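Chain residues, written in single-letter form:
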Amino acid sequence: MAYVVLVSGAGSNLEALIEADVGKISSVVADGECPALAKAEAVGISTRVIPYRGGRASFTREILDVAGDAEALVLAGFMRILGKEAIARFPNRIVNIHPSLLPSFPGLDAVAQALAAGVKVTGATVHFVDELLDHGPIIAQKAVPVLPGDNACSLHKRIQIEEHVLYPRVVEALLAGRLSVEGRTVSWS
Ligand code: GAR
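No experiment lies behind these values; they were computed from the predicted model shown.

Regarding the nonpolar core
Counting 38 residues, the largest nonpolar core has Y3, V5, V7 and V28 as the members making the most contacts within it. The biggest single contributor to this core is helix 6 (residues 152–175), with nine residues. If we skip the residues at most four places from it in the chain, V5 touches L14, L17, I25, S27, V28, V29, V74 and A76. By size, the runner-up hydrophobic cluster in this structure holds 18 residues, among which are V4, A70, L82 and I87.

Examining the site of the ligand
The environment of the ligand is made up of 14 residues, and the closest members are G11, S12, N13, H156 and E163. Interatomic distance of 2.9 Å between a backbone N/O atom of N13 and an oxygen atom of the ligand. Within the complex, 90% of the 450 Å² of free accessible area of the ligand lies under protein. Those elements giving two or more residues to the shell around the ligand turn out to be helix 1 (12–20), strand 5 (94–98) and helix 6. Among the elements that line the shell around the ligand, the one with the most residues is helix 6, at three residues. Of the residues contributing to the shell around the ligand, the split by class is four nonpolar, eight polar and two charged.

Comments concerning the packing of aromatic side chains
One pair of aromatic rings is described through two measures. These are the centre distance and the angle between the planes. As enumerated under the stated definition, the model contains two aromatic pairs in all. Ring geometry for Y52 against F59: centres 4.8 Å apart, planes inclined by 65°, an arrangement best described as edge-to-face. On the basis of relative accessibility, which here comes to 30%, the residue Y52 falls in the partly exposed class. On the numbers, 6.2 Å between centres and 5° between planes, the contact of F59 with F78 is stacked. Here F78 lies in the loop between strand 4 (72–75) and helix 4 (84–89) and F59 lies in helix 3 (residues 56–67), a separation of 19 residues in the sequence. In this structure F59 comes out as buried when scored by relative accessible area, which is 1%. Grouping aromatic residues by their ring pairs yields a cluster made of Y52, F59 and F78.

Criteria and thresholds
Residues numbered from 1 in each chain as written. Predicted model: local features only at pLDDT ≥ 70, side-chain atom pairs only at ≥ 80, totals over all residues. Heavy atoms only, no water. Core = buried A, V, L, I, M, F, W, Y, C linked by side-chain atoms within 4.5 Å. Buried < 20%, exposed > 50% of the residue type's maximum accessible area, 1.4 Å probe, protein only. Helix = DSSP H or I, 4+ residues; strand = E, 2+ residues; numbered from the N terminus. Contact = heavy atoms within 4.5 Å. Near = heavy atom within 4 Å. Polar contact = N/O pair within 3.5 Å; in protein donor to acceptor, adjacent residues only side chain to side chain. Areas by Shrake-Rupley, 256 points an atom, 1.4 Å probe, with all protein chains shown as cover. Nonpolar A, V, L, I, M, F, W, Y, C, P; charged D, E, K, R; others polar. Phe/Tyr/Trp six-rings, centres within 6.5 Å; stacked < 30°, edge-to-face > 60°.

Honestly, it's all geometry; don't read function into it.
Right, dumping it as structure tokens:
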């Protein structure tokens, strides 16, 4: 089953999906030039840059055009909010990874937010995407302890180690139809 990966940054989660050989990535879409694109091109995956202009609805429509008959959208460090057209076209078929234990610390700089709050444990969350920011039903989480002396960089590195294990597992389960959603509860089979 083919899916589209949406990126904005370094592409380490994209790389983890490629290395885990989960399903077929039909294309990688970015909202601007970023290192993730070269990672896709290096393994022959087609890429597209769709700059965010003209508003959320037209940006989303352009992404849906590229998605064609793909089965799912996988947001891997994608720093834009998709419009409701995408959620309608892919109900419970859009997933996102976020570097905190949601619902704590949604939005930008989640790792710095956790440090500023003084929490002792943070982590990574994979969730279905709905129309609100970092809000849809939670599929999987992994806790990561905050260590004395951590800064945003050291803590984010440890969170990403967990992300790279978690995300391929979730995407594999999604493509295999092993995730079901009732209200806010996601069950694995
Ligand atoms: C990841 O840590 C991901 O959780 C985060 O961006 C990073 C992207 O890294 N996503 C968000 O903050 C979304 N709200 P990558 O480009 O190396 O995969």
